[in-house]
Amino acid sequence: MSGERGETSILGLLVAMVIFAVVLGATLTTFAGGTTATRQANERAEAADRARDAIDRVGKSLRNLASPRADDGAAITTAGPYDIVFKTVAPAMPSATGNLNVTNTKRVRYCLAVTDPTRARLYEQTQTWTTQAAPGPPAPGACGAAGSGWTRTEVIADRITNVIGGRDRPLFTYASAADATVSTAIHLDLFVDPDPRSPAPETELSSGVYLRNQNRPPKALFTPTVVGSGILLNGSASADPEGETLDYTWTDNGTVVGSGITFLYSPSGPVTERVIGLTVSDGKLTDTSTQRVPR
């Protein structure tokens, strides 16, 4: 009888050990699953926070957009769905002997590098100078490529999935359909996903910026009328989008011959076809229109 009790005790112990192992395995599996879920949630939160900071950074630069000037060109020089280059005003610039850049203007580029579409990175590239006039923008190059005229290059957000799976979801969209470089507003849209294989949805972050300092170029339009004493040139159809007062300059085959909104031009020499041009300026930006006039 004692032998049977011993066998029963051993069998009960084995059963208990098996049950404990099953319970322990399930507990460890649940713990591992919870740890993985927590880690993934933290990664998503961190990626979203970094993308949110990046959008705020881009928006701040756009809100401080430098007003275009005639001596150094338009403020925005590149306006693409995944690449934008523009001049902005920095709160402060490093002091330097002989620094003539008293307006603290700098040029920035924000672009999306999609070598790996599942882990695309948003770069900020900065060009600074100490001269009074801005240098030309750096030569076009791969997003994030160091050098080539850029003073500093930095990744400001990653795990971006705007173009994952062949999808085309622009990072930048512009209010102007005709010419994005003179847009009055820019919309930013970032999709972020640290693990595209996970069933969890992407995080979408959006923002819109009104370009309060943007200046659009004027439009030169004129009517030439041949009269007995010459050619009556009328530029009253020209206009400036912001309603600025325009300066008018008239040319004949590239040579300046007069000024004013209307001008009676009496050319000398034989009667021939002439290329008459009108250039209008708002003091910062210009536009030129030409017509062939048989006189």
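Draft legend 1. Structural detail: the overall build of the protein chain. Secondary structure assignment for the protein chain yields one helix and 15 strands. Taking contacts inside the protein chain between residues at least 6 apart in sequence as the whole, the part at least 24 apart equals 59%. When the accessible surface of the protein chain is summed, it comes to about 16,100 Å², and 57% of that surface belongs to carbon and sulfur atoms.

Draft legend 2. Region of interest: the nonpolar core. Counting 32 residues, the largest nonpolar core has Leu 62, Ile 84, Phe 86, Tyr 110, Leu 122, Phe 172 and Ile 186 as its most contacted members. If you list the elements that add at least two residues to this core, you get helix 1 (2–63), strand 2 (83–89), strand 3 (105–113), strand 4 (120–127), strand 5 (152–160), strand 6 (172–174), strand 7 (185–192) and strand 8 (203–210). Of the residues forming this core, the biggest block, six residues, is contributed by helix 1. Aside from chain neighbours lying at most four places away, what touches Phe 172 is Val 58, Gly 80, Pro 81, Tyr 82, Asp 83, Ile 84, Tyr 110, Ile 186, His 187 and Leu 188.

Draft legend 3. Fine view of the pattern of salt bridges. Scanning the entire structure with this criterion turns up 12 salt bridges. Arg 44 is the salt-bridge partner of Asp 193, the closest N and O atoms lying 3.0 Å from each other. Linking Asp 193 in the loop between strand 7 and strand 8 with Arg 44 in helix 1, this pair joins segments that are 149 residues apart in sequence. Classification of Asp 193 as buried rests on a relative accessible area of 4%. The structure contains a network of salt bridges with shared partners spanning Arg 57, Glu 124, Arg 152 and Glu 154.

Draft legend 4. Region of interest: the state of the cysteines. Using the criterion set out here, one finds one disulfide in the structure. Across a sulfur-sulfur distance of 2.1 Å, Cys 111 and Cys 143 are joined as a disulfide pair. Across the disulfide from Cys 111 to Cys 143, rotation about the S-S bond amounts to roughly 90°, and the bridge is consequently right-handed. Here Cys 111, found in strand 3, pairs with Cys 143, found in the loop between strand 4 and strand 5; they are 32 residues apart in sequence, far enough to count as distant.

Draft legend 5. Unusual backbone geometry, seen in detail. Notably, Asn 104 is not glycine yet its phi reads approximately 55°, a positive angle. Its location among the elements puts Asn 104 in the loop between strand 2 and strand 3. A positive phi angle, near 55°, is found at Asn 253, a position not held by glycine. Inspection of the secondary structure assignment puts Asn 253 in the loop between strand 11 (247–252) and strand 12 (255–259).

Draft legend 6. Looking closely at a nonpolar patch on the surface. Together, Ile 10, Leu 13, Leu 14 and Met 17 make up an exposed nonpolar region whose accessible area comes to about 420 Å². Along the polypeptide, Ile 10 turns up in helix 1. Given a relative accessible area of 53%, Ile 10 falls into the exposed group.

Draft legend 7. Examining empty space enclosed by the protein more closely. Counted according to the given criterion, the structure contains one cavity of 30 Å³ or more. As a volume, the largest cavity reaches approximately 30 Å³. Around the largest cavity, the lining residues are Gln 40, Glu 43, Arg 44, Pro 194, Asp 195 and Ser 198. By residue class, the composition of the lining of the largest cavity is one nonpolar, two polar and three charged.

About the cut-offs
Residues numbered from 1 in each chain as written. Predicted model: local features only at pLDDT ≥ 70, side-chain atom pairs only at ≥ 80, totals over all residues. Heavy atoms only, no water. Helix = DSSP H or I, 4+ residues; strand = E, 2+ residues; numbered from the N terminus. Contact = heavy atoms within 4.5 Å. Areas by Shrake-Rupley, 256 points an atom, 1.4 Å probe, with all protein chains shown as cover. Core = buried A, V, L, I, M, F, W, Y, C linked by side-chain atoms within 4.5 Å. Buried < 20%, exposed > 50% of the residue type's maximum accessible area, 1.4 Å probe, protein only. Salt bridge = Lys/Arg side-chain N within 4 Å of Asp/Glu carboxyl O. Disulfide = S-S within 2.5 Å. Patch = residues over 30% accessible without salt bridge, like charges linked within 9 Å, V, L, I, M, F, W, Y side chains within 5 Å. 1 Å grid on protein atoms, 1.4 Å probe; cavity = no way out; pocket = protein on both sides within 12 Å on 5 of 7 lines; lining within 4 Å. Points joined across faces, edges and corners; volume = space filled by probe spheres on them. Nonpolar A, V, L, I, M, F, W, Y, C, P; charged D, E, K, R; others polar.

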